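Each chain, written out:
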Amino acid sequence: MQDIKEHMEVIGADGVHVGTVDRVDGNRIKLTKKDSGEGSHKGHHHFIDKGLVADVEGDKVRLSAVGAVAVTMEEEK
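Numbers given to residues run from 1 along each chain, matching the order in which its sequence is written. This being a predicted model, a pLDDT of at least 70 is required before a residue's local features are given, and a value of 80 or more before pairs of side-chain atoms are given or counted; all residues contribute to the totals for chains, interfaces and linings. To obtain the side-chain values, all non-hydrogen atoms of the structure were used and water was disregarded.

## Some details on the overall build of the protein
A run of H or I in DSSP becomes a helix once it reaches four residues, and a run of E becomes a strand once it reaches two; helices and strands are each numbered from the N terminus. Secondary structure summary: the protein contains one helix and seven strands in total. Starting at the N terminus and ending at the C terminus, the protein contains elements arranged as β-β-β-β-β-β-α-β. Each residue is placed in one exposure class: buried if its accessible area under a 1.4 Å probe, protein chains only, is under 20% of its type's maximum, exposed if it is over 50%, and partly exposed if it falls in between. In the protein, buried positions account for 35% of the 77 residues.

## Topic: the environment of Thr32
Among the structural elements, Thr32 can be located in the loop between β3 (28-31) and β4 (46-49). By relative accessible area, Thr32 is classed as buried at 13%. Put simply, Thr32 and Glu6 are 26 residues apart on the chain and 9.4 Å apart in space, counted from C-alpha to C-alpha. In this analysis, two residues are considered to be in contact whenever any of their non-hydrogen atoms come within 4.5 Å of each other. When residues no more than four places from it in sequence are discounted, the contact partners of Thr32 are Thr20, Val21, Asp22 and His45.

Keep in mind these values describe shape, not function.
Given below as structure tokens:
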């Protein structure tokens, strides 16, 4: 988690864009609001648990789950 920095791209295991790092918040990655989606999700921050992080590659955080699955695992606060 110490290698994860603000504005890094978060991608699924399949390379699909999941979000952009706002900051690390404890054991979770807080995503920027611009990646919050539409409808009831719009304007809310989403979080990715550190357990989903597979690797940090350059300026990208790669998750162990594919993008479509990782998005369903996000937690709202």
